[in-house]
Amino acid sequence: MTTYKNYREVLLLTIVGAILALTLYVYVRADSELNRKYDVPLAPLEFPEGPGIVAEGERLARIRGCFWCHGASLEGQKYFAEAGKGIIAVAPDLTRVAREYSRAEMARTVRHGVKPDGTSLQPAMPSFAYYNMSDADVAAIITYISSLPEQDGFQGRFELLPIGWVRWVLGRLPSNVADLIDHTAPRPDPALAGSPENRGRYLAESICTECHGDNGRVRVPGSPNLEIAAAYTKTNFIRLIRTGIPMGERDIDYHMVDASKYRYTLLTEAEISAMYAFFRSLVPGTPNKDSP
Ligand code: HEC
Ligand code: HEC
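Predicted model, so just to flag it, every value in this text is computed and none were measured.

**Q** Account for the coordination of the iron atom of ligand 1, naming residues and giving values.
**A** On the protein side, the iron atom of ligand 1 has His70 (NE2) and Met125 (SD) as donor atoms, found 2.0 to 2.2 Å from it. With 6 donor atoms in place around the iron atom of ligand 1 and angles of 88 to 178° between them, the coordination shape is octahedral. Here Met125 lies in the loop between α5 (103-112) and α6 (127-130) and His70 lies in helix α3 (residues 66-70), a separation of 55 residues in the sequence. Take His70: its relative accessible area is 9%, and that puts it in the buried class. Classification of Met125 as buried rests on a relative accessible area of 18%.

**Q** Would you mind going over the site of ligand 2 in detail, with residue names and values included?
**A** Within the structure, ligand 2 sits among 23 residues, and Cys208, Cys211, His212, Tyr232 and Met256 are positioned closest to it. Arg250 is positioned with one of its side-chain polar atoms (N or O) 2.7 Å from an oxygen atom of ligand 2. Mapped by element, the contributors of at least two residues to the shell around ligand 2 are α10 (209-212), α11 (234-243), α12 (254-262) and α13 (269-282). Among the residues making up the shell around ligand 2, the classes are represented as 15 nonpolar, 4 polar and 4 charged.

**Q** Give me the lowdown on the site of ligand 1, citing residues and values where you can.
**A** Taken together, 24 residues form the shell around ligand 1, and within it Cys66, Cys69, His70, Tyr101 and Met125 come nearest. At a separation of 2.8 Å, a nitrogen atom of ligand 1 approaches a polar side-chain atom of His70. Contacts to ligand 1 include Tyr101, whose side-chain N or O atom sits 2.3 Å from an oxygen atom. Looking at which element gives the most residues to the shell around ligand 1, the answer is α3, with 3 residues.

**Q** Outline the side chain of Asn132, supporting the account with residue identities and numerical values.
**A** Considering the arrangement of structural elements, one finds Asn132 in the loop between α6 and α7 (135-146). Once residues lying within four places of it in the same chain are set aside, the contact partners of Asn132 are Arg187, Pro188, Tyr202, Glu205 and Ser206.

**Q** Explain the packing of α11 against α13 to me, and be specific about the residues and the numbers.
**A** With their axes 10 Å apart at the nearest point, α11 and α13 run at an angle of 120° to one another. As summarised for this structure, α11 and α13 are arranged oblique, according to the angle between their axes. Where α11 crosses over α13, the handedness of that crossing is right-handed. Between α11 and α13, the residues in contact are Lys234, Phe237, Ile238, Ile241 and Arg242 and Glu269, Ile272, Ser273, Met275, Tyr276 and Phe279, respectively. By residue class, the composition of the contact of α11 with α13 is 7 nonpolar, 1 polar and 3 charged.

**Q** Any details on the pattern of salt bridges? Residues and values, ideally.
**A** Per the counting criterion, the structure on display carries 13 salt bridges. We note a salt bridge from Glu100 to Arg96, for which the minimum N-O separation is 3.1 Å. Of this pair, Glu100 and Arg96 both sit in helix α4 (residues 94-100), 4 residues apart, which is roughly one turn of the helix. Under the relative-accessibility criterion, Arg96 is labelled buried at 13%.

**Q** Can you lay out the environment of Ile241 for me, pointing to particular residues and giving the numbers?
**A** In this fold, Ile241 is placed in helix α11. Those residues in contact with Ile241 that lie beyond four places of it in its chain are Met256, Ser260, Tyr264, Leu267 and Ile272.

Reading the values: rules and limits
Residues numbered from 1 in each chain as written. Chains lettered and ligands numbered in written order. Predicted model: local features only at pLDDT ≥ 70, side-chain atom pairs only at ≥ 80, totals over all residues. Heavy atoms only, no water. Donors = N, O, S within 2.8 Å, 3.2 Å for Na, K, Ca; no water. Tetrahedral: all angles 85-135°; square planar, octahedral: opposite > 155°, others 65-115°. Helix = DSSP H or I, 4+ residues; strand = E, 2+ residues; numbered from the N terminus. Buried < 20%, exposed > 50% of the residue type's maximum accessible area, 1.4 Å probe, protein only. Near = heavy atom within 4 Å. Polar contact = N/O pair within 3.5 Å; in protein donor to acceptor, adjacent residues only side chain to side chain. Nonpolar A, V, L, I, M, F, W, Y, C, P; charged D, E, K, R; others polar. Contact = heavy atoms within 4.5 Å. Axes fitted to C-alpha atoms, helices over the stretch in contact; angles between N-to-C directions. Parallel < 35°, antiparallel > 145°, perpendicular 65-115°, else oblique. Left-handed = near helix turned anticlockwise from the far one by under 90°. Salt bridge = Lys/Arg side-chain N within 4 Å of Asp/Glu carboxyl O.

Below you can see the structure in the form of structure tokens.
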């Protein structure tokens, strides 16, 4: 009888011990991933001053969706909280961040997803798209954000709940955004002397990749490969980008509709035409000769 009881106790202790060991393992793995440091040097950026810079910075920030996630005054908000998925993502108050970080640190955070302490942001922040932003554009956006009055903004922080650790270790949660970026890849040249295709490529790679991804890495499920845009006439393409109404006028996913209505009305006609020229150039046999 005693032996039998001992046996049950040993079994119970073994099970409890195994669960504790596994929990510790999962926690340590997730924690070491979250706190991994990335060695990305600060870029020597110039921050030009001038009457037009702040307004242009705001336009660029709106087009790239900073307000969509960080709130109508960039005051920060809960971006998504799915307790079942074990993650609470917060898009922080950027007016506060702009006071805590130097402008060069801010630029590295936006384009590389690497914070001043060397740790990475989570992939809810689309730094993989903003990596492609030119020095001038990122500088204008940061000059604009730094010009904003400090808000009494949202204070919450990113949290990974225990179920989140498990999903992380199982590879079910996307890992650090800094892992999705080749930190030494050349950026698309924004100077783009005279070529609408190059200008369009720059715009598409630093704007549309947020959802449409690149190299097949689609971010928002359902976003098609953008070669589809080559099938559009220019008139229909401009209408889609400005209003979210696609060819055939079917109802499409709200991500695209909202991006068009709230962000891309700020794109100039020349910028939309340049993107169109770029998409047409992706598909051989569709020269950009289609007129409005
Ligand atoms: C799709 C949503 C989304 C968009 C669009 C977005 N952000 Fe973020 N951003 C986030 C989230 C979520 C975080 C927090 C990530 C984390 O917790 O690691 C974040 C973090 C940041 C941080 C780091 C703050 C810190 O505490 O270190 C900066 C800086 C930032 N974003 C700037 C921008 C700028 C500038 C833009 C526009 C060019 C932008 N974001 C667009 C979601 C977004
Ligand atoms: C916030 C996410 C998001 C952004 C940013 C975004 N898109 Fe989309 N886009 C989508 C989604 C999702 C769909 C799929 C819509 C559907 O089929 O219901 C889509 C569909 C499309 C389509 C196909 C429409 C069709 O006929 O089926 C084109 C073309 C397109 N987007 C172009 C662009 C361009 C160009 C940009 C950048 C200027 C861009 N998108 C930025 C999410 C986005």
